[in-house]
Amino acid sequence: MEFNIKSGHPEKQRTACVVVGIYEPRRLSDVAKRIDEVSEGYLSSILRRGDLEGNPNQTLLLHNVPGTLADRILLVGCGRERELGDNQYRKIIKQAIRTLHETGSMEAVCYLTELNVRGRNIAWRIRQAIEVTQSALYVFDQLKTKKENTRRPLRKIVFSITSRRELSIAEHASHEAQKIAEGVKLAKDLANLPGNICTPTYLADQVKILCSLHENLSCKILLEKHLEKQGLNALLAVSKGSIQSPRLIILEYRASKKNKNPVVLVGKGVTFDAGGISLKPAKDMDEMKFDMSGAAAVLGTISTIAELQLPINVVGIMPAVENLPGAKAMKPGDIVTSLSGQTIEILNTDAEGRLILSDALTYAERYKPDVIIDIATLTGACVIALGQHAHGLLSNHNPLTNDLLNAGKFSCDRAWELPLWDDYQEQIDSRCADIANIGGREAGTITAACFLSRFTKKYRWAHLDIAGTAWLSDKKEKGATGRPVPLLTQYLIERSREEHPA
Ligand code: BES
Ligand code: MN
Ligand code: ZN
């Protein structure tokens, strides 16, 4: 898809389609008013007849509107002007893009970026418009032999700004948005791949490929024998039930001073989670191919920041394993000594994410992280608590929490904080070892984070539980979301700005 930014009158656009907003009830937006004037009341007469109320999700396609040069004008319902906020804006854009794509306009000039969105400037509106466009048009059809081709697909879209003075910030926003959208797509593609293709080895190979594309990237792949030698026994325990061999994948991005401590991103990479000996029920088990979405988000984010050439240091660590109930699998009651030296009693083999993360978080110490953020599809309890809209966020450092919450709000990829109080710690006490890997039915997301906190005492750390947000299960839109690539990228953009003020 090609994106452009322009300012100019709507009636003068020689294009397949001009897209303008109509507010509820039957009220013209500024741009629609202008078209109405040049067409001598053509739009207002249509509205008067009652063809379009202006509700969100409504559209009306008009052809050969008098006084205009475009083949078509697409009217898009925007809801009430005073209520136009982030979510509404994103819905409007999505609706417009889908309609354009389906109605044969291969190019369009879209004026919806000129709408007034509460508290948001042009840079934000352009950024979201492009990200939403790319995600509305996303399809995962790599594995279909017959692709569903749209006959006249949307190829090029111009987003409008009110004045040339906004051009440079709008273009910067457009650049950022396109790179974020690419990172999101990369994460989606990886997560959507099935477990028989996307194995730990496959993930490592993808990292090598990404690495070869950028000067500032380097990677290190630890194989099973290295992991044994170093003592990542919690990670190895999970992998034992599978014939897929595990990997610890490290992807480094260095574009700031050598001595600048990095942000370390740790992403859970369970390429399939059958639960192990504590086997999961059959229903929806296929969705456990998405259990490497944390790793996919780390890869997508690092790819984006490398494309943006942000002046920061970031290290991605992706423990990659498959969790199956093979003959050599770990068993409930097994006790392992983790890389940190702490012993773990494995009471449920399905709580495997925290096992591989605990070793990865300990391994991360050698990079002297300034902060460390782990991203994991960790608990079903988080899906129950927050649903598909917000990531669970737990952290041992308040300023980091605030930065992540704010990055999530700005990027429409929101997180919500849950308490990491020490009151919950006793739930993971073990009778036979230092820690148990489960903490009972209550507060499952919090006790999982408590478990991780035992391995992150030495640094500022935050945990994002993306179990509810990493993919959608509804039939219509089933698939990976690429979240939280937008949140993480925004956080890193802000950080690079603080480190290198313009
Ligand atoms: N990958 C799952 C968490 C999950 C479940 C994510 C459903 C999304 C949807 C994780 O490895 C897991 O199995 N967690 C267990 C932990 C329990 C045994 C303490 C869970 O949440 O049931
Ligand atoms: Mn599990
Ligand atoms: Zn899992």
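Residues numbered from 1 in each chain as written. Chains lettered and ligands numbered in written order. Predicted model: local features only at pLDDT ≥ 70, side-chain atom pairs only at ≥ 80, totals over all residues. Heavy atoms only, no water.

**Quick look at the site of ligand 1**
The full set close to ligand 1 counts 16 residues, and Lys280, Asp291, Asp350, Glu352 and Gly380 are the nearest of them. Contact between ligand 1 and Lys268: an oxygen atom at 3.2 Å from a side-chain N or O atom of the residue. Relative to its unbound accessible surface of 510 Å², ligand 1 loses 77% to contact with the protein. (Near = heavy atom within 4 Å. Polar contact = N/O pair within 3.5 Å; in protein donor to acceptor, adjacent residues only side chain to side chain. Areas by Shrake-Rupley, 256 points an atom, 1.4 Å probe, with all protein chains shown as cover.)

**Notes on the coordination of the manganese ion (ligand 2)**
Each protein donor to the manganese ion (ligand 2) is listed here as Asp273 (OD), Asp350 (O), Asp350 (OD) and Glu352 (OE); together their distances run 2.0 to 2.2 Å. In this structure, the manganese ion (ligand 2) is surrounded by 6 donor atoms whose angles at the metal cover 70 to 166°, and the resulting shape is irregular. Sequence spacing of the donor residues for the manganese ion (ligand 2), all on one chain, is D-x76-D-x1-E. The distance between the manganese ion (ligand 2) and the zinc ion (ligand 3) comes to 3.2 Å, and Asp273 binds to both of them. Taken together, the residues Asp273 in strand S11 (residues 269-273) and Asp350 in the loop between strand S14 (343-346) and helix H10 (353-363) connect sequence positions 77 residues apart. Residue classification places Asp273 among the buried residues on the basis of a relative accessible area of 3%. (Donors = N, O, S within 2.8 Å, 3.2 Å for Na, K, Ca; no water. Tetrahedral: all angles 85-135°; square planar, octahedral: opposite > 155°, others 65-115°. Helix = DSSP H or I, 4+ residues; strand = E, 2+ residues; numbered from the N terminus. Buried < 20%, exposed > 50% of the residue type's maximum accessible area, 1.4 Å probe, protein only.)

**Digging into the coordination of the zinc ion (ligand 3)**
Tetrahedral coordination by four donors sets the ideal angle at the metal to 109.5 degrees; octahedral coordination by six donors sets it to 90 or 180 degrees. The zinc ion (ligand 3) binds to the protein through Lys268 (NZ), Asp273 (OD), Asp291 (OD) and Glu352 (OE), with metal-donor distances spanning 2.0 to 2.4 Å. Around the zinc ion (ligand 3), the 6 donor atoms sit at angles spanning 78 to 175°, and that spread fits a shape best called octahedral. On the primary sequence, the residues serving as donors to the zinc ion (ligand 3) are separated as K-x4-D-x17-D-x60-E.

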